[in-house]
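As a plain string of letters, each chain reads:
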Amino acid sequence: MVKAEKPVVRLSDLELKQTAKGRDYASASARIGSALGLTRLGAGYAEVPPGKTFCPFHVHHEIDEMFVVLAGEGEYRFGDQRFKVAAGDVLGAPVGGQELAHQLWNIGTEPLKYLMISSKSDVDICEYPDTGKFAASSTRGVRGGQRQFNHIGRSEQNLDYFDGDVSAKGTGEL
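Residues numbered from 1 in each chain as written. Predicted model: local features only at pLDDT ≥ 70, side-chain atom pairs only at ≥ 80, totals over all residues. Heavy atoms only, no water.

So, on to the overall build of the protein. If you tally the helices and strands in the protein, you get 0 helices and 13 strands. Reading the helices (α) and strands (β) of the protein from amino to carboxyl end gives β-β-β-β-β-β-β-β-β-β-β-β-β. Buried residues in the protein amount to 34% of all 174 residues. Split by element, the accessible area of the protein, about 11500 Å² in all, is 51% carbon and sulfur. (Helix = DSSP H or I, 4+ residues; strand = E, 2+ residues; numbered from the N terminus. Buried < 20%, exposed > 50% of the residue type's maximum accessible area, 1.4 Å probe, protein only. Areas by Shrake-Rupley, 256 points an atom, 1.4 Å probe, with all protein chains shown as cover.)

Bringing the nonpolar core into the picture now. Phe67, Tyr76, Val85, Leu91, Leu104, Leu112 and Tyr114 are the most contacted members of the largest nonpolar core, which has 17 residues in total. At the level of elements, β3 (41–48), β5 (65–71), β6 (73–78), β8 (90–93) and β10 (112–119) are the ones that each hand at least two residues to this core. In contact with Phe67, not counting residues within four places along its chain, are Tyr76, Asp89, Val90, Leu91, Ala93, His102, Tyr114, Leu115 and Met116. Grouped together as the second largest cluster of nonpolar side chains are 5 residues, Leu14, Ala30, Ile32 and Tyr45 included. (Core = buried A, V, L, I, M, F, W, Y, C linked by side-chain atoms within 4.5 Å. Contact = heavy atoms within 4.5 Å.)

Proximity of charged atoms lets side chains of opposite charge pair with each other. Throughout the structure, instances matching the rule amount to 3 salt bridges. For Arg23, the salt bridge is made with Asp24, and the minimal N-O distance between the two is 3.2 Å. Residue classification places Arg23 among the exposed positions, given a relative accessible area of 67%. Linking Glu75 and Arg82 is a salt bridge whose minimum nitrogen-to-oxygen distance equals 3.0 Å. (Salt bridge = Lys/Arg side-chain N within 4 Å of Asp/Glu carboxyl O.)

Counted according to the given criterion, the structure contains 0 disulfides. Free of any disulfide, Cys55 has its nearest cysteine sulfur in Cys126, 8.1 Å distant. On the basis of relative accessible area, Cys55 is assigned to the partly exposed category, the value being 22%. (Disulfide = S-S within 2.5 Å.)

This paragraph deals with the pairing of β6. Regular strands have side chains that alternate between both faces of the sheet. In terms of residue burial, β6 counts as a mostly covered element, since 5 of its 6 residues are buried. Both β6 and strand β7 (residues 81–86) contribute to a ladder of 6 bridges, which runs antiparallel. Considered in β7, the bridge of Phe78 is made with Gln81. Hairpin connection from β6 to β7: 2 residues lie between these consecutive antiparallel strands, with Gly79 at a positive phi of about 60 degrees. (Pairing = 2+ DSSP bridges.)

Residue position: Asp124 is located in strand β11 (residues 123–128). In terms of polar contacts, Asp124 uses its side chain to reach the side chain of His60, at 2.5 Å. (Polar contact = N/O pair within 3.5 Å; in protein donor to acceptor, adjacent residues only side chain to side chain.)

Ordered in space as β7-β6-β9, the 3 strands form an open sheet in which the pairing is antiparallel. The sheet terminates laterally at β7 and β9 (102–106), the two strands that pair on one side only. Within the sheet, the average angular offset between the axes of one strand and its neighbour, ignoring direction, is 25 degrees. With 5 bridges joining them, β6 and β9 adopt antiparallel strand pairing. (Axes fitted to C-alpha atoms, helices over the stretch in contact; angles between N-to-C directions.)

Quick look at the pairing of β3 now. With 6 of 8 residues buried, β3 lies mostly within the body of the structure. The sheet contact formed by β3 and β10 spans 8 bridges and is antiparallel. Bridge pairing in β10 links Gly42 to Ser118.

Take the sheet that holds β5 next. Taken together, the 6 strands give an open sheet; going across it, the order is β1-β2-β3-β10-β5-β8, and neighbouring strands pair in antiparallel fashion. The open sheet is flanked by β1 (17–21) and β8, the only strands paired with a single partner. When the angles between neighbouring strand axes are averaged without regard to direction, this sheet yields 25 degrees. Taken together, the 4 bridges between strand β2 (residues 25–31) and β3 define a ladder with antiparallel strand orientation.

Next up, the structure:
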């Protein structure tokens, strides 16, 4: 059982981790679910600078996500649709296929600030439709949230089920 540091987190007191990659990705964020002792609900806080996004266009196969916009203006890319969003808007990103992929961009002149809330799963597959990538991850049986298995690949690298396996006799012949 995870013990919460305390049952209240003040957003202004969070120590934000700065992340940036390439020309499009930048954020300052913190995980808050674990600080509250949550075990089946993920929660985080993000600030995204103007013209940037937190993460690539993606969809989870096992994790529902919800975003609560606290400040700023954004564009929510959801499947083949785009929605302008602002403070007070709540965005849903249900489990599903590529038609439910999502990404939130800051299109304003001030930081886009929002809460990220999600279900939790020990196992997840995440697809990235823009690049044909996928990520498979599992924390099943692992304590402290360390990933037991994490792999990012491309779907066109589909291998035969027996690729590289040897026979039970160890001869290499199937």
